[in-house]
Amino acid sequence: MSEHVMGNVSQFDDPFTALRQGDGVLDIDDQGDPVKMVLGLKDVRKAAHSWQLFQSGAIPGRIVVPSEVAIRDIRQLPFELDPPAHKGFRGLLEPWFKRPAGQAYQDKLTDIVSTMLDSILDNHTVINKRSSPEMITHDAVKDIALVLQSRALTVLINVPMTEAQTWINWGTHVFRSDDNPLDASKANVLYDYLDEQIAHAKKAPGEDIYTELLHAEVEGKALTEEEIKGIMILTFAGGRDTVINALTNSLAYFSENPDALNFINEHPENLNSAVEELLRYFSPLTHMGRVATKDTQVAGHDVAYDSRISLCWASANRDESVFESPNEVNLTRKANPHVAFGFGIHNCLGATHARALLRIWVGQLAERVARVEVVEADENTEQWGEVARKVGFHKLLVRLHKRA
């Protein structure tokens, strides 16, 4: 669902308020497989922590909402594992995915963001047929966020920057077709690509993640090619549209809140808290599912064995019993226990990378951009049962005005 809008592009309403304050859940149907969405922060955290009751290691693709059962049978690792198997794979991967905390890694991300802003701010006018200057517009989704996310991913995977163009050509989704959750053709493109990359790493080992995984062991056993593909599918798909949403939505926010850009520029010590608040407010991923291992309850409601629940991060992040003025952006919010990157043993493996990129992006915007002008906006709205939630934009045409 989409809508062309002008004005209030920075506003992301919470459509779950009444349900969260009432029953605490929302029942939806996903391809004939019902899901009970858990809405309150306390209940979401409790269910996420209770992996024995609500498993991730169900049929591959079933914990994702919309379900991916129809389009893949490869288990995403360690995302679709529970303890004790989860521990070994998580332990293997965490050192690689913690690399973004290092300065050399962040310097590379800074170069990527700076190059993008250089291209926009230093070449921002053209002459039209009437010989009058006219500012170029950029689609924040495809021209900016998609490119930044793809180029930054080359640093995480540790492959040449030129590889990013292949991923950019795939569009904003690398695994799922834009208009049909049951279409497996997009998934097959990714599978074929990964087969090629793994084969290449076997013939010509390098310092990339494929080579790392080919030489890795879990519990004394080498990884199978299917396990390597499961890790890489998660790496490509898990932080794709979510990071694109976060980058794009920040531009939408700053377009109607220019004082926020000035505040961060003048008070860079608040950059980290500002980014965490934007993550809470936007919640780039609405929710993620689990499967009940026995008859139980969640948020006071019965849940039958082998039925699905989902942990609604977006609703939990607006829980008025936890966050003061939850529908307002407070860039200096002190207590901010948001769950934008999930919670529990399955908190996002790529969170360190995403946070580093977002901090550099927001910091560079504050330092170099005086004003973000939105020319056209096409909202991306998700429909979950009776609830419609704005998650980002299909298109956001912007002009960035250089700071003097």
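Cut-offs used in this document
- Each chain has its residues counted from 1, following the order in which its sequence is written.
- Side-chain atom pairs in this predicted model are given and counted only at pLDDT of 80 or more, local residue features only at pLDDT of at least 70, and totals for whole chains, interfaces and linings cover all residues.
- With hydrogens and water set aside, each side-chain value is computed from the structure's full complement of heavy atoms.
- Residue types Ala, Val, Leu, Ile, Met, Phe, Trp, Tyr and Cys, when buried and joined through side-chain atoms within 4.5 Å, form a set referred to as a nonpolar core.
- Here's how the labels work: a residue is buried when its accessible area is under 20% of the maximum for its type, exposed when over 50%, partly exposed in between, all with a 1.4 Å probe on protein chains only.
- Per the convention used, a helix needs a DSSP run of H or I reaching at least four residues, while a strand needs a run of E reaching at least two, with both numbered from the N terminus.
- Here, residues are in contact when the closest pair of their heavy atoms is within 4.5 Å.
- We treat two strands as partners when DSSP finds at least two bridges between them.
- To obtain each axis, a line is fitted to C-alpha atoms, and for helices this fit is confined to the stretch in contact; angles are then taken between N-to-C directions over 0 to 180 degrees.
- Between the rings of Phe, Tyr and Trp (Trp by its six-membered ring), a pair exists once the centres lie within 6.5 Å; its type follows the angle of the planes, with under 30 degrees stacked, over 60 edge-to-face, and the other angles tilted.
- A positively charged side chain is recorded as over a ring if its NZ (Lys) or CZ (Arg) lies within 6 Å of the ring centre. The angle to the ring normal must also be within 35 degrees.

Draft legend 1. Highlighting the nonpolar core. In terms of nonpolar packing, the biggest core is built from 94 residues, with Tyr 210, Phe 236, Phe 254 and Trp 361 touching the most fellow members. In terms of residue count, helix H5 (residues 140-157) provides more of this core than any other element does, twelve residues in total. Grouped together as the second largest cluster of nonpolar side chains are 22 residues, Ala 47, Phe 79, Ala 316 and Val 339 included.

Draft legend 2. Quick peek at the environment of Pro 284. By the secondary structure assignment, Pro 284 is in the loop between helix H12 (271-282) and strand S10 (287-292). If we ignore the near neighbours within four places in the chain, the residues touching Pro 284 are Thr 242, Asn 245, Ala 246, Leu 279 and Val 391.

Draft legend 3. Highlighting the sheet that holds S10. The five strands lie next to each other as S2-S3-S13-S10-S4, forming an open sheet whose pairing is mixed. Each edge of the open sheet carries a strand with a single partner, namely strand S2 (25-30) and strand S4 (54-55). Two elements, S2 and strand S3 (residues 33-38), share six bridges in a ladder whose sense is antiparallel. Across the sheet, the residue bridging to Asp 29 is Pro 34, located in S3. The strands touched by helix H2 (residues 41-49) within the sheet are S3, S4 and strand S13 (308-312), with S13 carrying the most contacts at an inclination of about 125 degrees.

Draft legend 4. Expanded view of the packing of aromatic side chains. Tallied over the entire structure, the rule returns nine aromatic pairs. A ring pair is formed by Phe 12 and Phe 393, whose centres lie 6.2 Å apart and whose planes are at 80 degrees; its orientation type is edge-to-face. Residue Phe 12 is located in the loop between strand S1 (2-5) and helix H1 (17-21), and its partner Phe 393 is located in strand S15 (residues 387-402); the two are separated by 381 residues in the primary sequence. Each member of the pair, Phe 12 together with Phe 393, is buried. A centroid spacing of 5.6 Å and a plane angle of 65 degrees characterise the contact between Tyr 281 and Phe 282, whose relative ring orientation is edge-to-face. Side by side, Tyr 281 and Phe 282 carry an identical accessibility label, which is buried. Cluster of aromatic residues (ring-pair linked, three or more members): Phe 12, Tyr 281, Phe 282 and Phe 393. Its end group placed over the ring of Trp 96, Arg 99 keeps NZ or CZ at 4.2 Å from the ring centre.

Draft legend 5. How the structure looks around the side chain of Arg 399. In this fold, Arg 399 is placed in strand S15. With relative accessibility at 19%, the residue Arg 399 sits in the buried group. Setting aside chain neighbours within four positions, we find Arg 399 in contact with Met 135, Ile 136, Thr 137, Arg 371, Val 372, Glu 373 and Val 375.

Draft legend 6. Molecular detail of unusual backbone geometry. The step from Leu 77 to Pro 78 runs through a cis peptide bond, and the omega angle for that step is 0 degrees. Here Pro 78 lies in the loop between S4 and helix H3 (85-97). In this structure, the amide linkage connecting Pro 83 to the following residue, Pro 84, adopts the cis form with an omega of 5 degrees. Backbone geometry at Asp 306 places phi at a positive 65 degrees, although glycine is not the residue there. Tracing the chain through its elements places Asp 306 in the loop between strand S12 (301-303) and S13. Given the relative accessible area of 37%, Asp 306 is considered partly exposed.

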